[in-house]
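A closer look at the structure
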Amino acid sequence: MVELAMPKALRVGLIFGGRSGEHEVSLLSAQGVMNAIDTTKYQVVPIGITKEGRWLAAGDPLKALSSGALAESNPALLLAEPSDRGLMRLEEMEKEQALSAVQVSQLDVIFPILHGPYGEDGTVQGLLELAGIAYVGAGVAASAVGMDKVLFKNIMEAHGVPVVPYLVILRKTWEREPDEVLARVEAELGYDCFVKPANLGSSVGISKAHDRAELRAALDDAARYDRKILVEVAVDAREIEVSVLGNDEPIASVPGEVVPSNEFYDYAAKYLDGESDLLIPAPIPNQTAEMMAKVSVEAYRAIDCAGMARVDFLLDRKTGRVYLNEVNTLPGFTPISMYPKLWEASGISYPELIDRLIQLALERHADKGRSLTEYQVPERK
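Sheet strands line up and pair through hydrogen bonds in the backbone, either parallel or antiparallel. Taken together, four strands build an open sheet; the order of strands is β9-β12-β10-β11 and the sheet is antiparallel. Of all strands in the sheet, those bounded by a partner on one side alone are β9 (166-170) and β11 (207-209). The mean inter-strand angle of the sheet, taken between neighbouring strand axes irrespective of direction, is 25°. Of the pairings in the sheet, the one linking strand β10 (residues 193-197) to strand β12 (residues 228-233) comprises five bridges and is antiparallel in character. Its bridge partner lying in β12, Phe194 is registered against Glu232. Contacts between helix α5 (residues 149-158) and the sheet are confined to β9, β10 and β12, with β12 contributing the most and set at about 50° to the helix. Where helix α8 (residues 212-223) meets the sheet, its contacts fall on β10, β11 and β12, and the angle it forms with β10 comes to roughly 15°.

The structure is reproduced here in structure tokens:
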């Protein structure tokens, strides 16, 4: 009897942690993926990034980051060139004050479970492009636009998608002209208003201001996280979210509604107190749900997104008007996060969702590989 060779498991580099205020959320997402991924098809290679930006490989990077026992973990690096696709571990050479790079593993695909700056904003995606490795999620441009709330709003406005009225304040302007900034916000937007760092997620640095004192404190807080600050009119709205999956032919999930435990869906309401409710499917009219699904796919395509994204809407309680709030290109990915829960309600389980995302990454990488990287004179017929 001839024994058939088992197909080789793909090596999936799972990157988590990172230099972001959402570091701890990333660790939870990574643990969820590790627990659910199909180990008969995929071999997980965990890659941790500390809050200072140090890469860790070998051993148990997730445990090291969670416990803070980083001294026992060797630093690692990923070469920014496509010949090897290897994850390297740095080791001290005996009798020499130097480091040598030892290969830990070759990688077939990367699953970056990084939220916020230095992971969701196109920076890691740029490294993976240079390394020539397939990776889950949006490319460099879509990641950067999705992270920058101001650039994203500009593109949505160009596509005729309604967004709430807003102003952009630079940190230097706020520091030099605080009274002028306060007066401008009050004159053009009024109270209540939201103040947000332009490039951050998970509601880090976001405040709701009801008066001048709170506005001043909110601007100070947002300026701690970013050089560009977004101030928006606070709409009395329900928060509706839609998950999108796919590359060139994306599909949308059923919508879900977030009912925050606090006045708005801040960091504590999302991750700490455990008292916010997720209503899936959202109790909204079918016509509204269909419109949101359509706009979600349109917004996804408008920024050339790939793999996955969660699209967040505001539904005005008084007028019923719908505003597109943001597109999150690497949303929270724990088993109880909205993105996978919406797909579960739409018929795609958490393990199947992981599998689809990896296959979409390979598909996109193969398609990109068809593009020429040097000029060739067209053949004349």
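Attention shifts here to the side chain of Ser243. Among the secondary structure elements, Ser243 is positioned in strand β13 (residues 237-246). Of the residues examined, Ser243 reaches a relative accessible area of 0% and is grouped as buried. With residues near it in sequence (within four places) discarded, Ser243 still touches Ile251, Ala252, Ser253, Ala309, Arg310, Met338, Tyr339, Leu342 and Trp343.

Okay, the pairing of strand β4 (residues 75-78) next. Where burial is concerned, the two faces of β4 differ: the one with Ala76 and Leu78 is buried and the one with Pro75 and Leu77 is not. Across two bridges, strand β3 (residues 55-56) lies against β4 in antiparallel orientation. Its bridge partner being in β4, Leu56 is matched across the sheet by Pro75.

On to the nonpolar core. Residues Phe111, Phe333, Ile354, Leu357 and Ile358 are the most contacted members of the largest nonpolar core, which totals 32 residues. Secondary structure elements with two or more residues in this core: β1 (10-17), α1 (23-36), α2 (61-67), β7 (109-113), α11 (338-345) and α12 (350-368). Among the elements that line this core, the one with the most residues is α12, at seven residues. For Phe111, the residues in contact, after removing those within four places along its chain, are Val12, Gly13, Leu14, Ile15, Val136, Met308, Phe333, Ile354, Leu357 and Ile358. Core analysis: the second largest hydrophobic core is formed by 30 residues, Val163, Tyr166, Cys305 and Leu324 among them.

So, about the pairing of strand β15 (residues 256-259). Note that β13 and β15 share three bridges and pair antiparallel. Bridged to Glu241 within β15 is Gly256. In this sheet, strand β16 (residues 277-279) lies alongside β15 in antiparallel orientation, the contact comprising three bridges. Note that in β16 the partner of Glu257 across the bridge is Leu279.

This part is about the confidence of the model for the protein chain. This prediction gives the protein chain a mean pLDDT of 88; 88% of its residues lie at or above 70. This model gives residues 1-6 a pLDDT under 50, and the stretch forms zero contacts once residues within four places in sequence are excluded.

Further remarks concern a negative patch on the surface. Together, Asp248, Glu249, Asp304 and Glu363 give the surface a local cluster of negative charge. Mapped onto the elements, Glu363 comes out in helix α12. Of the residues examined, Glu363 reaches a relative accessible area of 47% and is grouped as partly exposed.

Among the secondary structure elements, Val45 is positioned in strand β2 (residues 42-49). Note: C-alpha distance between Val45 and Ile110 (65 residues apart in sequence) is 9.1 Å. Setting aside residues up to four positions removed in sequence, Val45 forms contacts with Arg11, Val12, Gly13, Leu14, Leu87, Ser105 and Leu107.

Another point: the packing of aromatic side chains. One pass over the full model with this rule turns up three aromatic pairs. Judged by centre distance (5.7 Å) and plane angle (65°), the rings of Phe111 and Phe333 are edge-to-face. Taken together, the positions of Phe111 in strand β7 and Phe333 in the loop between β18 (322-328) and α11 put the pair 222 residues apart, joining distant regions of the chain. Across the pair, Phe333 and Phe111 agree in class, each one buried. One residue, Arg19, lies across the ring of Tyr118, its end atom 3.9 Å from the ring centre.

A word on α8. With twelve residues, α8 should reach 16 Å at 1.5 Å per residue; the first-to-last C-alpha distance of 16 Å fits that figure. Its buried side turned inward, α8 meets α6 (171-176), α7 (178-188), β10, β11 and β12. N-cap assignment for α8: the residue whose side-chain oxygen lies 3.2 Å from the backbone N of Ala213 is Asp211.

Note the cis peptide between Tyr191 and Asp192, where omega equals 0°. Looking at where Asp192 falls in the secondary structure, it is placed in the loop between α7 and β10. That bond from Ile280 to Pro281 is cis: its omega, -5°, falls within 30 degrees of zero. Its location among the elements puts Pro281 in the loop between β16 and α10 (286-302). The backbone phi angle of Tyr118 is positive, close to 60°, even though this residue is not glycine.

Quick notes on the rules
- Residues numbered from 1 in each chain as written.
- Predicted model: local features only at pLDDT ≥ 70, side-chain atom pairs only at ≥ 80, totals over all residues.
- Heavy atoms only, no water.
- Pairing = 2+ DSSP bridges.
- Helix = DSSP H or I, 4+ residues; strand = E, 2+ residues; numbered from the N terminus.
- Axes fitted to C-alpha atoms, helices over the stretch in contact; angles between N-to-C directions.
- Contact = heavy atoms within 4.5 Å.
- Buried < 20%, exposed > 50% of the residue type's maximum accessible area, 1.4 Å probe, protein only.
- Core = buried A, V, L, I, M, F, W, Y, C linked by side-chain atoms within 4.5 Å.
- pLDDT = per-residue confidence, 0-100.
- Patch = residues over 30% accessible without salt bridge, like charges linked within 9 Å, V, L, I, M, F, W, Y side chains within 5 Å.
- Areas by Shrake-Rupley, 256 points an atom, 1.4 Å probe, with all protein chains shown as cover.
- Salt bridge = Lys/Arg side-chain N within 4 Å of Asp/Glu carboxyl O.
- Lys, Arg positive; Asp, Glu negative; His and termini not counted.
- Charge placed at Lys NZ, Arg CZ, Asp CG, Glu CD.
- Phe/Tyr/Trp six-rings, centres within 6.5 Å; stacked < 30°, edge-to-face > 60°.
- Lys NZ or Arg CZ within 6 Å of the ring centre and 35° of its normal.
- Expected span 1.5 Å × (residues − 1).
- Polar contact = N/O pair within 3.5 Å; in protein donor to acceptor, adjacent residues only side chain to side chain.

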